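# A structural walkthrough
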Amino acid sequence: MTSTFLVMLMALAQHQGQHHHDPQHSFANTDRWVEEFENAERDAQQKPDDVVRALKLSAGDVVADIGAGTGYFARRFAKAVGDNGIAYAVDLEPKMLEYVAERAQKDGQPNIVPVLATASSPMLAPDSVDLFFICNTIHHIGNRPAYYEILARDLRDGGRLAIVDFRKDADLIEGPNEAMRLARESLVDEVTKAGFRLVEEHDFLPVQYFLVFEAP
Ligand SMILES: C[S@@+](CC[C@H](N)C(=O)[O-])C[C@H]1O[C@@H](n2cnc3c(N)ncnc32)[C@H](O)[C@@H]1O
């Protein structure tokens, strides 16, 4: 076997173990992502119900799940906030939003509202959100300082920003490769520089940090 072939094989193995996270990569192939995001193995380490419970939402709250993907968390937020609340499923990939909308209709969850975002804005109104939630997506956002400003503008008084993402210091087969991951410390640093205050940190997720900030 030539060394070039070996390198190709290793690259392929790595590609299959981790989703290929160059920031531009496409989430248009929904079938593939449904398989990856919506499975029992993921539930075991992502603990979505525990995550939502830890956020102590109230009936009527407005939650915006940025980079909602297949709606894995948005569906749970919609249940937690009840009929008078809203779970915005914010994503820049129209195919993901189509999937979310169809599933919400099938499941009878009219309070899941798909929102087509741009790379630089969630496209929501100022002073309209109680909780921004960003899971496995913050590393896809380019100009984060400017993005945090928009989030601060859109949060109501006492509003929160919760971020869950893969630890940089762990040896992981899940998630983006090490170079793409953001260290917990740099993330806390940049979010607090934007005026947010770290108010809670949960450590029950095996491979991710889970940080909760309060709006400036
Ligand atoms: C790795 S997936 C995470 C999906 C979901 N949060 C979950 O945990 O199952 C990242 C998602 O973020 C979306 N995305 C990437 N950049 C974004 C941006 N700037 N604004 C909104 N969505 C974005 C992608 O289209 C994709 O659906």
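For the structure given in this document, a descriptive report is provided here. (Residues numbered from 1 in each chain as written. Predicted model: local features only at pLDDT ≥ 70, side-chain atom pairs only at ≥ 80, totals over all residues. Heavy atoms only, no water.)

## Things to note about the sheet that holds strand β3 (residues 112–116)
Defined as follows: The pairing criterion is simple: DSSP has to find at least two bridges between the two strands. Secondary structure elements are taken from DSSP: a helix is a run of H or I of four residues or more, a strand is a run of E of two residues or more, and numbering for both begins at the N terminus. Axis geometry follows a simple rule: fit a line to the C-alpha atoms, using only the stretch in contact for helices, then measure angles between N-to-C directions, giving values from 0 to 180 degrees. Throughout, a contact is declared for two residues whenever any of their heavy atoms are within 4.5 Å.
Taking strand neighbours across the sheet as the criterion, the seven strands line up as β3-β2-β1-β4-β5-β7-β6 in an open arrangement whose pairing is mixed. Of all the strands in the sheet, the pair left with one neighbour each is β3 and β6 (197–202). Between one strand axis and the next, the sheet turns through 20° on average, direction left out of account. In the packing of helix α5 (residues 74–81) onto the sheet, contacts are made with β1 (62–66), β2 (86–91), β3 and β4 (129–135), and the angle to β2 comes to roughly 160°.

## Side note on the pairing of β2
The side chains of a regular strand alternate between both faces of the sheet. Counted only if it meets this: A 1.4 Å probe rolled over the protein chains alone gives each residue an accessible area, and that area as a share of the maximum for its type sets the label: buried under 20%, exposed over 50%, partly exposed in between. Orient the strands so they point away from the viewer; a crossover is then right-handed if the path from the first strand over the helix to the second runs clockwise.
With five of six residues buried, β2 lies mostly within the body of the structure. Pairing of β1 with β2 involves five bridges; the strand directions are parallel. From the neighbouring strand, Asp 65 faces β2, where its bridge partner is Ala 89. Once the chain exits β1 it traverses α5 before rejoining the sheet at β2, and the crossover so formed is right-handed. Pairing geometry for β2 and β3, over five bridges, is parallel. Each bridged residue has a counterpart across the sheet, and for Ala 89 the counterpart in β3 is Pro 114.

## A look at the site of the ligand
This is how the line gets drawn: We define proximity as follows: a residue is near a molecule or strand when any one of its heavy atoms falls within 4 Å of that partner. Definition of a polar contact: a pair of N or O atoms within 3.5 Å, with one able to donate and the other able to accept a hydrogen when the atoms are protein atoms, and with sequence-neighbouring residues admitted only if both atoms are side-chain atoms. All accessible areas in this document rest on Shrake-Rupley with a 1.4 Å probe, and a residue is counted as covered only by the protein chains that are shown. Note that Gly is not counted as nonpolar here; it falls among the polar residues with everything else outside the nonpolar set of Ala, Val, Leu, Ile, Met, Phe, Trp, Tyr, Cys and Pro and the charged set of Asp, Glu, Lys and Arg.
In the vicinity of the ligand, 18 residues are found, and the nearest of them are Phe 27, Arg 42, Gly 67, Asp 91 and Cys 135. Here Asp 91 contributes a side-chain N or O atom positioned 2.6 Å from an oxygen atom of the ligand. Residue Cys 135 places a main-chain N or O atom 2.9 Å away from a nitrogen atom belonging to the ligand. Computed on the free molecule, the ligand has an accessible area of 600 Å², of which 98% lies beneath the protein chains in the complex. A breakdown of the residues in the shell around the ligand according to their chemical character gives nine nonpolar, six polar and three charged.

## Section: the nonpolar core
The condition that has to hold: Residues belong to a common nonpolar core when they are buried Ala, Val, Leu, Ile, Met, Phe, Trp, Tyr or Cys residues joined through side-chain atoms within 4.5 Å.
Counting 28 residues, the largest nonpolar core has Phe 132, Leu 151, Leu 161, Leu 187 and Phe 196 as its most contacted members. At the level of secondary structure, the elements contributing two or more residues to this core comprise β1, β2, β4, α7 (144–154), β5 (155–166), α8 (184–193) and β7 (208–214). Residues within four places of Leu 161 in sequence aside, it is in contact with Leu 131, Phe 132, Ile 134, Tyr 148, Leu 151, Val 191, Phe 196, Leu 211, Val 212 and Phe 213. Grouped together as the second largest cluster of nonpolar side chains are 26 residues, Ala 54, Val 63, Ala 89 and Leu 131 included.

## Overview of α5
Most of α5 is tucked away: six of the eight residues are buried. For α5, the set of buried residues is Ala 74, Arg 75, Arg 76, Phe 77, Ala 78 and Val 81. Taken from the residues just after α5, Gly 82 is the one with a positive phi, measuring 75°.

## Description of the environment of Leu 116
Position of Leu 116 relative to the elements: it lies in strand β3. The contacts of Leu 116, once residues within four sequence positions are left out, are Asp 91, Leu 92, Pro 94, Leu 97 and Met 123.

## Focus: the side chain of Asp 165
By the secondary structure assignment, Asp 165 is in strand β5. A distance of 3.5 Å separates a polar side-chain atom of Asp 165 from the backbone nitrogen of Ile 138. The residues touching Asp 165, leaving out its near neighbours within four places in the chain, are Asn 136, Thr 137, Ile 138, His 139, Val 207, Gln 208 and Tyr 209.

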